[in-house]
Amino acid sequence: MTLSYLRRSLVFLLLIAISALSLSPGIAQENFEQQREALIEEVAEDLRRSEAILEPTELDPRVLRAMKTVPRHEYVPEKHKHQAYRNRPLPIGYGQTISQPAIVALMTNLLELEPSDKVLEIGTGSGYQAAVLAELVDQVFSIEIVPELAERAARDLKRTGYNNVTTRQGDGYYGWEEQAPFDAIIVTAAADHIPPRLLKQLKPGGRMVIPVGSRFMVQHLVLVKKTEDSDILTEQLLPVQFVPLTGEH
Amino acid sequence: MHPGAGYLLTIAVISGATLAYEVLLLRLFSMIQWHHFAFMIISLALLGYGVSGVFLALARQGVSRYFPAVIMTNLLLLALAMPLCFLLAQSLPFNPAELLWDPWQLVYWLVVYLILAVPFFFAANIIGLSLYQFRQGIPTLYASDLLGAALGSVGIIALLFSISVEQILLLLPCLVLLAGLLLVSQSSLWAGRHKLGWQMTLLVTAAAMLFLLPPSLQLNVSSYKSMSQMLTVPKTGVLQRESSPLGVLSVVESSQVPLRYAPGLSILSDAELPEQLAVFTDAEAMTAISRFDGDFEKLGFLGQTSSALPYQLKRIEDVLVLEAGAGSDVLQALMFEAAAIDAVEENPQMIDLIQDDYAEFAGELYSLPQVNVHQSEARAFASKAERQYDLITMSFLSAAGVGGLYSMSENYLFTVEAMRDYFQHLKPGGYISITQQTTLPPRVMPKLIATVSTALKSLGRTPSQNLILIRSWQTTTLLVKNGAVSDQEISRLKQFSQQYNFDLAYYPGISADEVNRYHQLQQPYFYQAATALLSAQSGKFIDDYKFNIQPATDNQPYFSQFFKWETLPEILSLLDAGSLFLLESGYLLLLAALIQALVASLLLLLLPLWLWRRRRRDREKAQPLHKRVLAYFFALGLAFLFVEIAFIQKFVLILHHPVYAVTTVIAGFLLAAGTGSYLFGRIRHIHPQHQVLAAVLLMIILSVVYMSSYGTISAFLLAQSDLLRYLFAILMILPLGFCMGLPFPAAMSMLGREHDEMIPWAWGINGFASVISPILATLIAMEFGFRVLLSVALVLYLLAVWLFPADSASRQSV
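Procedures and definitions
- Residues numbered from 1 in each chain as written.
- Chains lettered and ligands numbered in written order.
- Predicted model: local features only at pLDDT ≥ 70, side-chain atom pairs only at ≥ 80, totals over all residues.
- Heavy atoms only, no water.
- Salt bridge = Lys/Arg side-chain N within 4 Å of Asp/Glu carboxyl O.
- Helix = DSSP H or I, 4+ residues; strand = E, 2+ residues; numbered from the N terminus.
- Buried < 20%, exposed > 50% of the residue type's maximum accessible area, 1.4 Å probe, protein only.
- Domains from an automatic or database assignment.
- Contact = heavy atoms within 4.5 Å.
- Buried area = accessible area lost by both parts, 1.4 Å probe.
- Polar contact = N/O pair within 3.5 Å; in protein donor to acceptor, adjacent residues only side chain to side chain.
- Pairing = 2+ DSSP bridges.

Chemist: Outline the pattern of salt bridges, listing residues and values.
Modeler: Side chains carrying opposite charge are able to pair once their charged atoms draw close together. Residue and element names in this part refer to chain B. Under the counting rule described, the total for this entry stands at 29 salt bridges over all chains. The partner of K427 in a salt bridge is D390, with the nearest N and O atoms 3.7 Å apart. Here K427 is found in strand 9 (residues 426-437), whereas its partner D390 is found in strand 8 (residues 389-396), with 37 residues between them in sequence. Residue D390 is classed as buried on the basis of its relative accessible area, which comes to 7%. Each of D318, D342, R387, D390 and K427 takes part in one network of salt bridges that share partners.

Right, dumping it as structure tokens:
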């Protein structure tokens, strides 16, 4: 009797686990919008609280709106869809990730975009960052080196209605000569040096952002500024407010 | 009953193959995952030993009854588990980078531990059950276990140099099966129908393994490693792969999208890069071979990196390039017309790539008359070099290797003593140049400055007059001059920095308004750190800094250990905003491994022990002894590895080459301990406890002599030839190891006589202790240094003498 009771309990538990697993994406689907709203509010609040690299100390309302509009779940592989609105990077295959929403918000914010700006993205990846940019500017050009990713991102961007993003599969090192110059350039993969051609394709007064670190953990962001006199300066920014020195020296 | 020679040989083969398998797993997981996780996974997998002890303790009567069948079954399962468990473990979607977010990763992690513990469980069953079965012959059995392990530790190094890791993964189980076949064929334990049956089974298993496994032996390298990512680029492929104990080197060519590797290149550079081939170590830590055809115009980019600074300040004739790798620092020296370049590279296969396989591509770089290539560990070469140099240069530009998760590995290149060695090999006016990838918030450079400053002060110099620090957008270059920096040098420094937008961070007489101009930080952190560390307030600055930037020393050579407990709450409070990168998690991972090991040991050991004690018969029999046995073998398990690890560290410095040094020390200890155990079995007229006491006292005397006269001994050894140095080192290890081999069989034999039911427990406890020991040893060494580690080990041995599990009758007689 004990054995059969045990077996029945196990089957019951197994059923619960299976139904929970199969149901969770379905449940999430209905709530995507709510989840997105909540996530972006949380990201904005976290950034404000940790006094990260925001000047002024809040996210640009336009960036906030863009982040709240773009359906991140549409750029996430099926098996991770239920996690689309967690503040975390997610694998998208080929050793690449869709960036953490907080980092996407920060990087986009650093570009200080105007609606009429033309933006170049090196490393389309999932297409999510391009979609956020497309909410803010008229024209986005994006290059991806991995053919399969380039194809998938182009399809997803079209499917989600971002027709102002032009994508291309290829080598981003030389930028996009035919469409240059750009008001802003965003490099989504860490580089060991900044390709000179990219700097040339940046308009005077333009901004470029590069994350430094691994796929799952951004260490710091580099903001490259081209002055009106075409001088090149960079700012090295931590994603959180952290001062290594304490006391007086 | 005594085991025969054939049986002892089988035990030696199994012990050797298992130790080799452990090293192999470490290599395999360093390749497919990352080194630190490999270390944790393999440490915890050894719990299989402890679990085996518990299993044997609970099932000893049953398994003992069917001894021959149980031994052969375990042997067969061990052979099967060696490749299969690895294949199974690598097929799990375990990605350490996702641990923070994905709770499933914890489950995968646990499953990896469990799967990899399986082969060690079977191996330990064979040895543990043999100890129980042949209790009269424990010293000889333990001796063959240790001697086999000694052979295994040497054998695996030879194998890793000669065949691929995949081939070794097949070879080891075949060795185990062969040993089984020999045993069945010549031992009387297996007879008649059983003998034939086992022979057939072993042969069929070996044949099946050789025919079926090879195609599935593909290494499943994490897609997040740099090499995997590069291979996703169209028309990119691996040209060559070389494997050795130092790592797997892969040469990768990208024919459609050229590789462009130029870390530290000025943001103003418009130089075209030459054709390049990538070289990865363990699919990570990329460096590049640049095509060189004698035309330096094509290498112009090498003059536009922050590491080119010393060549701008004055004419450099003699250069020592440490960690030369694929040769870009050598090319840089050639470009600036250095007359004589000593290039030091530790990995012989890396040298072969440049000297032979890609010699034409690299322009015969390592065969040029100006270039002398030396295969040696960098610190060793620097300390032995007879020449003096205008420039000693080191570049560490690969993201891997410094900081973060690497904090648990010792690094003798960046210690106070190392800096003194380098400095003493500089000509008057010469420079040491160290280029590092910039970490933010700064911790590598501040620690380096603190280390250099301490070294210079100990040589009676004034560091504030000898240092220059500049930074590009991604690298920082520190120059240490043998002499005060001159006005002319300062003026050239300013010119070079301005030309390429490099920021000045320190030079003697620098003012605050000169810094943080081109690559702006929130505050001029590098300038602040350098000026504070070179001032009289350096101690306070180090104490107040939120990372550990205490100078690293040979006694605590953990340069990359930046973790500070005081900073943890602040980092945790920022976790949601993404502060994890500040965590310097290597130290915490080590701590996590220790906690995992402790919890697992407690669960796997104490729970069954409690259940066992509830069995009245055993309780009556063993009650007075069991705590003593537990404590004795636990102390032994900890102490043996503590001593071994402390001596490995001390000898690595003297013997130089880490792989050979570690192998020599481990093999030396195991060999000596095996001999000690064997001879113990022969001396019957002295009471075991007296023997243990004498051995421990001798160990204490030897350790105190070695440690107190370490300076004299190392100076003497360093003056000898390589062969003599190794010979003397082994001679020093032998008596110590010999003594360390006594306590285990002494107590086991005692148990064998009157409390044989305790033997599996003792075996298991010893197994658990050996899991905890290496992790705890590293933590103790990090916090307190190797001297303290060795002292703790000796105290544990003394404790063991006191705890010696003699029965009451013998204790009365003692």
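Still to come is the rest of the account.
Chemist: If you had to explain the domain arrangement of chain B to someone new, which residues and values would you point to?
Modeler: Residue and element names in this part refer to chain B. You can read the domains of chain B as domain 1 (1-224), domain 2 (296-560) and domain 3 (584-814). In this structure, domain 1 and domain 3 have C-alpha centres spaced 23 Å apart. The interface is formed by 42 residues belonging to domain 1 together with 44 residues belonging to domain 3. Carbon and sulfur atoms make up 78% of the surface buried where domain 1 meets domain 3, a total of about 3600 Å² over both sides. On the domain 1 side of the contact with domain 3, L47, P139 and Y142 bury the most area, a combined 15% of that side's loss. At the junction of domain 1 with domain 3, the criterion picks out 1 salt bridge. Among the ionic pairs, D756 bridges to R135, the shortest N-O distance being 3.1 Å. Where domain 1 meets domain 3, there are 4 residue pairs in polar contact (both at pLDDT 80 or more). Contributing elements (two or more residues each) for the side of domain 1 that touches domain 3: helix 2 (35-45), helix 3 (47-65), helix 5 (103-133) and helix 6 (138-162).

Chemist: Give me the lowdown on the pairing of strand 10 (residues 467-471) of chain B, citing residues and values where you can.
Modeler: Residue and element names in this part refer to chain B. The buried fraction of strand 10 is high, at 5 of 5 residues. The alternating pattern of strand 10 places L467, L469 and R471 on one face and I468 and I470 on the opposite face, and all of these are buried. For strand 10 and strand 11 (residues 475-481), the ladder comprises 5 bridges, and the chain directions are antiparallel. Among the inter-strand pairings, L467 is bridged to a residue of strand 11, identified as V480. Connecting strand 10 to the antiparallel partner strand 11 that follows it, the hairpin turn spans 3 residues. Pairing between strand 10 and strand 12 (residues 503-506): 3 bridges, direction antiparallel. Counted as the bridge partner of R471 is D503 from strand 12.

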